[in-house]
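Observations on the three-dimensional arrangement
Here is how the chains run, residue by residue.
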Amino acid sequence: MDDLEEELTRLFQDRRLDVQVAADAEKTVVAGARRVRRNRIALVSAAGVVAAAVLATGTIVLTHGPSKSNQVADAPTLSVTSTSTDTTSPGTTPQVQTPSAATTPPASGRANAPTVMTSPRGPAASTSKPAVVPAVTATVLGPNGYGPFRLGMTAEQVVATGQVNQPAAPVPAGQCVTYTIGGQPGSRIVVSPRSGVVLIDPSIKVHTPEDVGEGTNIEIALSHYRDFDAQKSPSVVAVPGRTSAWYSISYDMDTSKVTGIILLGSQTEC
């Protein structure tokens, strides 16, 4: 037993078995411990970023819902890169590079809903204005008519000219119809159901082919129409060159001037 103890004592005192400790052993151990700690922090940070990205992707998917094709959109790819640690600089803190911008999720394929234009219920109010009847610019009355109007025209033909206004009230069948010439208030075109147009009264300043009209001295009227009666107003005279047509000439006895003229196709009808 004593020999064993002496042998062990000798061995422990042998310097060949001594472990040589480097001069900077303490610094090396501390640096290694710091590297381990930094690596653990980097791993924890990267795991947090990935978890946040997965959570955001799940929220987007739940918000938008599945596409028509029932295809699940791929989660955006996030790149996490950690910088390498400089082993020669223990005090350097590792950097974690986060993605510059979140990748836009793929389009779900759902088309935008069309805009539906609704109109108010009920019929739309008409904004069109009544048709304007053009005025007749003719200045000569007779011997056959005035402007587009002719003695003997039917009511349909008169309306077809597009230059008369319809009667304000319906006219019973079999009675004469009176139209107003467009743009000439007080004018008259009287249509008989049997003889057609029997009266044309432009109610504006017109004259006959013989140049007898408003303002004409009755002496001139007498020279053109032998049956003109200077003692009676209106005076009905035959239209020169035409049978069954007459002028009804009104005049002022005080001034001896013609004040109006009407073309007649009949003196008995209407």
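Residues numbered from 1 in each chain as written. Predicted model: local features only at pLDDT ≥ 70, side-chain atom pairs only at ≥ 80, totals over all residues. Heavy atoms only, no water.

The next thing to look at is the overall build of the protein chain. Each helix and strand in the protein chain was counted, giving four helices and 11 strands. Taken over 270 residues, the protein chain has a buried fraction of 23%. For the protein chain, the computed accessible surface area is about 19,100 Å², with 56% contributed by carbon and sulfur atoms. (Helix = DSSP H or I, 4+ residues; strand = E, 2+ residues; numbered from the N terminus. Buried < 20%, exposed > 50% of the residue type's maximum accessible area, 1.4 Å probe, protein only. Areas by Shrake-Rupley, 256 points an atom, 1.4 Å probe, with all protein chains shown as cover.)

Moving on, we get to a nonpolar patch on the surface. Nonpolar side chains collect at one region of the surface, where Leu4, Leu8, Leu11 and Phe12 lie side by side and expose about 410 Å² of accessible area between them. Along the chain, Phe12 turns up in helix H1 (residues 2–12). What makes Phe12 exposed here is its relative accessible area of 68%. (Patch = residues over 30% accessible without salt bridge, like charges linked within 9 Å, V, L, I, M, F, W, Y side chains within 5 Å. Salt bridge = Lys/Arg side-chain N within 4 Å of Asp/Glu carboxyl O.)

A few words now on the pairing of strand E8 (residues 196–201). A large share of E8 lies buried, amounting to six of its six residues. Bridge count for strand E7 (residues 188–192) against E8 is five bridges, and the pairing is antiparallel. The residue of E8 that forms the bridge with Ser192 is Gly196. The hairpin formed by E7 and E8 contains three residues between the paired strands. Of the pairings in the sheet, the one linking E8 to strand E11 (residues 257–264) comprises two bridges and is antiparallel in character. Its bridge partner being in E11, Leu199 is matched across the sheet by Leu264. (Pairing = 2+ DSSP bridges.)

Formed by 30 residues in total, the largest nonpolar core has its most connected members in Phe149 and Val158. Of all the secondary structure elements, the ones that give two or more residues to this core are strand E6 (177–181), E7, E8, helix H4 (218–224), strand E10 (246–252) and E11. With sequence-adjacent residues up to four places away left out, Val158 is seen in contact with Phe149, Met153, Val164, Tyr179, Ile189, Val191 and Val197. Core analysis: the second largest hydrophobic core is formed by five residues, Val190, Val198, Ile262 and Leu264 among them. (Core = buried A, V, L, I, M, F, W, Y, C linked by side-chain atoms within 4.5 Å. Contact = heavy atoms within 4.5 Å.)

Below, the discussion takes up the packing of aromatic side chains. If you walk through the whole model with that rule in mind, you get two aromatic pairs. Both rings, one in Phe228 and one in Tyr251, keep their centres 5.4 Å apart while their planes meet at 45 degrees; by these two values the pair is tilted. In this pair, Phe228 is assigned in the loop between H4 and strand E9 (235–238) and Tyr251 in strand E10, connecting sequence segments 23 residues apart. By relative accessible area, Phe228 is classed as buried at 6%. (Phe/Tyr/Trp six-rings, centres within 6.5 Å; stacked < 30°, edge-to-face > 60°.)

A few words now on the sheet that holds E6. An order of E5-E6-E7-E8-E11-E10-E9 is seen for the seven strands of this open sheet, with the pairing classed as antiparallel. Each of the sheet's edge strands pairs with one partner strand only, and the pair in question is strand E5 (164–165) and E9.

Checked against the element boundaries, Cys176 lands in the loop between E5 and E6. In this structure Cys176 comes out as partly exposed when scored by relative accessible area, which is 27%. Sequence separation of Cys176 and Ser195 is 19 residues, and the distance between their C-alpha atoms is 9.8 Å. With residues up to four places along the chain from it excluded, the contact list for Cys176 reads Val171, Val190, Val191, Ser192, Pro193 and Cys270.

Now for the side chain of Ser235. One can find Ser235 in strand E9. Using a relative accessible area of 2% as the deciding quantity, one classes Ser235 as buried. With sequence-adjacent residues up to four places away left out, Ser235 is seen in contact with Asp227, Phe228, Asp229, Tyr247, Ser248 and Ile249.

A few words on the side chain of Gln163. With respect to the secondary-structure elements, Gln163 resides in the loop between helix H3 (155–160) and E5. In this structure Gln163 comes out as buried when scored by relative accessible area, which is 15%. In this structure, Gln163 is in contact with Val133, Pro134, Ala135, Val136, Pro148, Phe149, Thr180, Ile181 and Gly182, ignoring residues within four places of it in sequence.

Along the polypeptide, Gly241 turns up in the loop between E9 and E10. Of the residues examined, Gly241 reaches a relative accessible area of 89% and is grouped as exposed.

Moving on, we get to the pattern of salt bridges. The full count for this structure, using the stated rule, is two salt bridges. For Asp201, the salt bridge identified is with Arg188, shortest N-O distance 3.4 Å. With a gap of 13 residues between them, Asp201 in strand E8 and Arg188 in strand E7 connect regions that are remote in the sequence. Residue classification places Asp201 among the buried positions, given a relative accessible area of 13%. Of the charged contacts, one joins Arg194 and Glu269 as a salt bridge, the two residues approaching to 2.8 Å between their closest N and O atoms. Of this pair, Arg194 sits in the loop between E7 and E8 while Glu269 sits in the segment after E11; the two residues are 75 residues apart in sequence, bridging distant segments of the chain. The exposed category is assigned to Arg194, whose relative accessible area is 68%. For Glu269, a relative accessible area of 18% puts it in the buried group.

Functional significance is not addressed by these values, which are geometric in nature.
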